[in-house]
Amino acid sequence: MLQLNVKNETSRLKAVVLGSAVNNGPTPTADEAYDPKSLEHILAGTYPIEEDMVNEMEAFNKVFQKYDVKVFRPETIENYNQIFTRDIGFVIDDVFIKANILPDRSRELDAINYVVDQINPAKVVRPPDDVHIEGGDVMLWNDYIFIGTYKGSDYKDYITARTNMQGVQYIKELFPNKIVKEFDLVKSKLEARDNALHLDCCFQPVGTNKGIIYKSGFREEADYVYLVKLFGKDNLFHITRDEMYNMNSNVFSIAPDVVVSEKNFTRLNNWLREQGFTVEEIPYAEIAKQEGLLRCSTLPLIRD
């Protein structure tokens, strides 16, 4: 049995589900796009090809091997995008929570059933149908659970709004001893530079007391101020609109002092090194064209 344990974003990683770009299928049509960045590249003819994405994910896998992390991969579904495992489920403490994802993507969860079957069934839960919550919106910070949401009355009109307030309430009830704080995120169906698809598109902790943040990703300045007060302004690396678009906050921590980052994130990677982090740089710019990056591609199961 897998003894799940995830209490934050940065403790030493022991086991993870890493997505797969194998047999990824044809380039989607514009009508099939789930987010504005994918749509942008579909229309421009620059949508990533499978070979490049497989190579990028293999570079990520090699970093996990270097640090002796146990890696699970989804079973292959023919002609299907299985890169972003963070969307389909997530672990809080020792509980595996299945996400109510977009209906078109439910098969992705079936592809990791062999992993879920290794977990104590009493520790696997699925929210009711009216509860929408995806792993990219759920950020663990020891006693805190940060959750990205969208509070607009037009929630149902936005395919980019992935976690609702029922999702926030569900987590509050499931973990009554945690401090659960929701953040109202900026959404756009058409402009990727103004769309925080998930919380990890505009914020993520690194190390033990630092973080990466994009101020304009929050609809309410009070939400941004909350994080500044909690972490301290000097401990936060503020990214620009273009850096948010390129997914600079969507790095992935293997340990408190080890961060996997995209090799083109020069300003961020230099800052991380200045703060004492080991930065494992890999190519991931093709996968980024689908409005997801390193954190999106992972589903951590066990951390120290």
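Summary of the structure given here. (Residues numbered from 1 in each chain as written. Predicted model: local features only at pLDDT ≥ 70, side-chain atom pairs only at ≥ 80, totals over all residues. Heavy atoms only, no water.)

### What about the packing of aromatic side chains?
In this structure the tally under the stated criterion is 13 aromatic pairs. The interplanar angle of 75° and the centroid separation of 5.6 Å between the aromatic rings of Phe203 and Phe231 together place this pair among those described as edge-to-face. Placement of Phe203 in strand E9 (residues 203-206) and of Phe231 in helix H6 (residues 221-231) is noted, with a sequence separation of 28 residues between them. Put simply, the rings of Trp141, Tyr144, Phe146, Phe183, Phe203, Phe218, Tyr226 and Phe231 pair up and form one aromatic cluster. Above the face of the Phe72 ring, Lys70 is positioned so that its terminal group lies 5.2 Å from the ring centre. (Phe/Tyr/Trp six-rings, centres within 6.5 Å; stacked < 30°, edge-to-face > 60°. Helix = DSSP H or I, 4+ residues; strand = E, 2+ residues; numbered from the N terminus. Lys NZ or Arg CZ within 6 Å of the ring centre and 35° of its normal.)

### Some remarks on helix H8 (residues 266-274)
Regarding H8, the residues found buried are Leu268, Asn269, Trp271 and Leu272. Viewed end-on, H8 has its buried residues packed into an arc of 160°, placing them on one side of the element. Immediately downstream of H8, the backbone of Gly276 shows phi near 95°, a positive value. (Buried < 20%, exposed > 50% of the residue type's maximum accessible area, 1.4 Å probe, protein only. Arc of directions from axis to C-beta.)

### Some points on the sheet that holds strand E1 (residues 13-18)
Spatial strand order, E2-E1-E15: 3 strands in an open sheet with mixed pairing. Because the sheet does not close on itself, it has two edges, and the strands there are strand E2 (70-72) and strand E15 (298-303). This sheet shows a mean twist of 20° between the axes of neighbouring strands, independent of strand direction. Pairing of E1 with E15 involves 5 bridges; the strand directions are antiparallel. Across the sheet, Ala15 pairs through a bridge with Ile302, a residue of E15. (Pairing = 2+ DSSP bridges. Axes fitted to C-alpha atoms, helices over the stretch in contact; angles between N-to-C directions.)

### What about the sheet that holds strand E6 (residues 138-141)?
With respect to topology, 3 strands assemble into an open sheet ordered E6-E7-E8, the strand pairing being mixed. Either end of the sheet is taken by a strand with one partner, and the two such strands are E6 and strand E8 (179-184). Looking at each pair of strands side by side, their axes are set apart by 20° on average, direction ignored. In terms of strand pairing, E6 meets strand E7 (residues 144-149) through 4 bridges, oriented antiparallel. Residue pairing for E7: Leu140 is matched across the bridge by Ile145. Along the sheet face, helix H5 (residues 165-174) touches E7 and E8 and points at about 170° away from the line of E8. Across the sheet, H6 touches E6, E7 and E8, and the angle it forms with E8 is around 135°. (Contact = heavy atoms within 4.5 Å.)

### Quick look at the side chain of Arg295
Mapped onto the secondary structure, Arg295 falls in the loop between strand E14 (278-282) and E15. Residue Arg295 is classed as buried on the basis of its relative accessible area of 0%. Apart from residues no more than four positions distant in its own chain, Arg295 is found in contact with Glu9, Arg86, Gly135, Gly136, Val138, Met139, Asp200, Gln204, Asn250, Val251 and Phe252.

So yeah, pure geometry; function would need other evidence.
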